[in-house]
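Next come the chains, spelled out residue by residue.
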Number of protein chains: 2
Amino acid sequence: MSKPIHVLDILQQKRDGLALSGEQMESFIRGVTQRDLPGAPTDAQIAAFLMAVFLRGLTPQELASLTNAMRFSGETFDASPLRTFAVDKHSTGGVGDKTSLLLAPILAAAGLAECTPEGVPGLCVPMISGRSLGHTGGTLDKLETIPGFNTQLSLAEFTATLRRCGAALIGQTPTLVPADRILYAMRDHIGTIESPNLITASIMSKKLAESLNGLVLDVKTGSGAFMRTDQEARHLAELMVQTGTLAGTRTVAVLTTMHQPLGRFAGNWVEVWECVDLMQHHEHPLSADLLHLTHTLAGWMLHLAGKAEDAQAGYLRSQQILRSGAAYQAWLRIVAAQGGDTSVFTTPASFHRPAASRVIAADAAGYLASMDCTQVGWAVQRLGAGRARPGDPVSAHAGIECHAKLGQVVQRGQPLFTLFSEDARLLDEPADMLRQTLQITEAAPDLPPLIREVVQYASPAAAPLDR
Amino acid sequence: MSKPIHVLDILQQKRDGLALSGEQMESFIRGVTQRDLPGAPTDAQIAAFLMAVFLRGLTPQELASLTNAMRFSGETFDASPLRTFAVDKHSTGGVGDKTSLLLAPILAAAGLAECTPEGVPGLCVPMISGRSLGHTGGTLDKLETIPGFNTQLSLAEFTATLRRCGAALIGQTPTLVPADRILYAMRDHIGTIESPNLITASIMSKKLAESLNGLVLDVKTGSGAFMRTDQEARHLAELMVQTGTLAGTRTVAVLTTMHQPLGRFAGNWVEVWECVDLMQHHEHPLSADLLHLTHTLAGWMLHLAGKAEDAQAGYLRSQQILRSGAAYQAWLRIVAAQGGDTSVFTTPASFHRPAASRVIAADAAGYLASMDCTQVGWAVQRLGAGRARPGDPVSAHAGIECHAKLGQVVQRGQPLFTLFSEDARLLDEPADMLRQTLQITEAAPDLPPLIREVVQYASPAAAPLDR
């Protein structure tokens, strides 16, 4: 007979730095989700738990238990009936980061190229994405600028689309990982958002609820990232890779630089436009960073799915899929399957209809040396493209276009950014924000590489993870 | 213009180990007490605050601010109109600890002996006491066994009694330190009782709300104390002395041993009986430890009040006051002033009317070597004398009588304890508990002294306090 589990014991153990058992973690999270269960924790007890975890940390086993309990706190998506390899990507969030819109069709094309005799793609990408919040964009808001595109598929429709197209892109459903919504709201309320352990449990519980076989994490660092230092980003990457691996999912993290908007555009429709343009024409000088990151992540995804010998071979395969037009064909198939009107892709520039725009020009000649990329993200939000609070509406056609990238030589008066908004009155503040944050220098800046490091699982015995 | 104060900033600062300002602490506690104030913390935020304080600790200044904010969270008792020195004692709680019942009349007698021309006692003892909880007894429950004794005086009646008698003994009023009741209930709910900082703020806010000029703390250590080790007890004593001193109250702590019931009886009426017997007859072999502790504490109280050159002189003065009969006269005056029927003191033994009793005899010859004094306290509680939960009723005549003290040689079959209860069915379990915990050995035990150490204020510069 097992010992009865009490919330007060859990709080006191965690408070004293003693590890919780899997049963304790599971019982606590069950109570978080089903608040009317006898002995379920109160709001105050959940708050005390989160603060204790914030300050005491978690052992790898505790983090695995917490993530697992959250993962199974509601419905899960099970791709196993498809009998194929399910792989996904998650990014910690950035400005102009539209890799999902390219990765889904590239990987889908790779899967469709290797269908089984029963017609099942050789791999699939069950993407469950989020919305814009604060200075970062969200895949769902971008997709919803495509007329008719439905991001609210049922799990049955999701499965059917995956089977037919090799990829599908939907939003969180209320029944997936309900514990995360409750815990996240509480963390926000009591100031415990910035915990590597709690961030890991939140992200990984949602990703693992997709029952993935492979997962590539894009952990961003730099002025536009949530993690400001390499060290913090690496620690988070290690925790997430460890947690994914312990849960049986092949997991890799790529540490990447987020110090300027990724690619040419940041906003909603403008980002779809940039991706469609790349799928149609395969390159653009201002999208070089976006393509490099996309192929790097796709390379790892293909490698994890057993479709490339290593990440480098996967990179080349991804390039080839984009250049062959197969990615664009897969994209059209996915969008059509999700109800989207693909006619807008014929001349995507003509679908871009902001009410007002303004050009920010260089106020000196020299190197475009630096910017506070979080500030740039907030400027995009203020233009109407993002939301300050969950539930706020977003504008389809607001955003910015980058005419130069960091490290580039610019002339005085040369356009650096164009701002777009659906309301001319919204241009002034973001224009000032951009002017204030852009630095032009005489000397060439020393810029970090876009791809910094790859974090794979090291067993704790070989290399103990810093907790 | 001062910066606006936000609960979320307070939580994040404390979480990150940054000290809170006095304004922040005051604003937070104001919100704890007045929950409808805009920006007041929610239950969850109070819980997160307490857990963060538990794990991060407090600087001496933060502890002083917290205590001060709690102290002024409701009404306070102000003895200053009496124009005399107000001194009190607080004990961290024990078994059979009835020193308050002796200290109040001894100190009152000292005050009455030195009245001003206006008839005000030379010092006064405004005692605001608590009730039994768990394994420890409570002064109010003991006093209320005296027929008619009223522990619920208004603050005006309290002042009048102090002026007339030099001492008065009442319970917490709902309007005194309301923040402590809220915070204590929350600490109990989330498992953060055992924090030296939070214990200090709780005790000292209530004591300082009596506007004391002097305070002597009896910090107990040993098997019957909340603090089990000398180190924990000393740390708590240092925090309390520091906090009292920073608030302008002369404060001293005495570390004392609680490894067996103090004196001859533990219970409610039986403890009053023991004290009345000592005030009438001045000594009893089984009350020697009680008298030694009482005179030690009284000695410090008299010294702090300027009525004795040092604690040792105060000790002798206290002995003399007891032996002269002056303490008994003061006792009768206080009890009568608070509505108590003093006729029960004429033959106190005859007022002791338990329905059933049982003797526990030694099961071997040897030295009475040890007991788990917390277990003994719980046995007293189970007999009916204490309460497991706040609000439970207590029995006036339940309790135990000790026939031998630790270190004493006993013969097989010699009575060690007599148990009393108002319900014969309640005798079995406590009798078993006592039998199990009593150890008789062949070798003489090595017993710690009753009075271990005196902690006075050392300025942080001279000797930094361990946080």
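Computed from a predicted model, the values in this text were never measured in an experiment. (Residues numbered from 1 in each chain as written. Chains lettered and ligands numbered in written order. Predicted model: local features only at pLDDT ≥ 70, side-chain atom pairs only at ≥ 80, totals over all residues. Heavy atoms only, no water.)

### Structural notes on the sheet that holds strand β10 (residues 409-410) of chain A
Residues and elements named next belong to chain A.
Item 1. If you trace the three strands from one edge of the open sheet to the other, you get β10-β8-β12, paired in antiparallel fashion. Two strands lie at the open edges of the sheet, namely β10 and β12 (439-441), each paired on one side alone.
Item 2. Relative to β12, strand β8 (residues 366-370) is paired through three bridges, and the arrangement is antiparallel. Bridge pairing in β12 links tyrosine 367 to threonine 441. (Pairing = 2+ DSSP bridges. Helix = DSSP H or I, 4+ residues; strand = E, 2+ residues; numbered from the N terminus.)

### What about the sheet that holds strand β13 (residues 451-455) of chain A?
Strand pairing in a sheet relies on backbone hydrogen bonds, with the paired strands running either antiparallel or parallel.
All names here are of chain A.
Item 1. With mixed pairing, the six strands of this open sheet are ordered in space as β3-β2-β1-β4-β5-β13. Each end of this open sheet is capped by a strand with a single partner; those strands are β3 (167-171) and β13. Strand-to-strand twist of the sheet, defined as the mean angle between neighbouring strand axes without regard to direction, takes the value 20°.
Item 2. Where strand β4 (residues 214-221) and strand β5 (residues 250-257) come together, eight bridges link them in parallel fashion. Paired with leucine 215 across the two strands is threonine 251, which belongs to β5.
Item 3. Against the sheet, helix α5 (residues 99-112) touches β1 (85-91), β2 (123-129) and β3, its axis set at about 160° to β2.
Item 4. Against the sheet, helix α7 (residues 155-165) makes contact with β2 and β3, and its axis sits at roughly 155° relative to β3, the strand it touches most. (Axes fitted to C-alpha atoms, helices over the stretch in contact; angles between N-to-C directions. Contact = heavy atoms within 4.5 Å.)

### Here we look at the relation of the copies chain B and chain A
Item 1. Rotating chain B by 180° and moving it 0.0 Å along the rotation axis overlays it on chain A with an RMSD of 0.0 Å. Here the symmetry operator amounts to a two-fold rotation axis. Closest to the rotation axis within chain B is the C-alpha of B:Ala44, separated from it by 2.0 Å. (Least-squares fit on C-alpha atoms with pLDDT ≥ 70 in both.)

### Re the side chain of A:Thr294
Residue and element names in this part refer to chain A.
Item 1. Examined against the element boundaries, threonine 294 turns out to sit in helix α12 (residues 288-304).
Item 2. Overall, threonine 294 belongs to the buried group, its relative accessible area being 1%.
Item 3. Leave out the neighbours within four places in its chain, and threonine 294 touches Thr99, Leu102, Leu103 and Ile106. (Buried < 20%, exposed > 50% of the residue type's maximum accessible area, 1.4 Å probe, protein only.)

### Focus: the pattern of salt bridges
Item 1. Inspection of every chain in the model, using the stated rule, returns 50 salt bridges over all chains.
Item 2. A salt bridge links A:Arg382 to A:Glu429, with the shortest nitrogen-to-oxygen separation between them at 2.6 Å. Taken together, the positions of A:Arg382 in helix α16 (residues 373-385) and A:Glu429 in helix α17 (residues 428-437) put the pair 47 residues apart, joining distant regions of the chain.
Item 3. The exposure class assigned to A:Arg382 is partly exposed, which follows from its relative accessible area of 33%.
Item 4. Taking relative accessible area as the criterion, A:Glu429 reaches 42% and is therefore assigned partly exposed.
Item 5. Its salt-bridge partner being B:Lys307, residue B:Glu114 comes within 3.2 Å of it at the nearest N-O pair. Of the two residues, B:Glu114 sits in the loop between α5 (99-112) and β2 (123-129) while B:Lys307 sits in the loop between α12 (288-304) and α13 (311-324), which places them 193 residues apart along the sequence.
Item 6. Taken together, the salt bridges that share partners define one network made up of A:Arg131, A:Asp141, A:Glu144 and A:Arg387. (Salt bridge = Lys/Arg side-chain N within 4 Å of Asp/Glu carboxyl O.)

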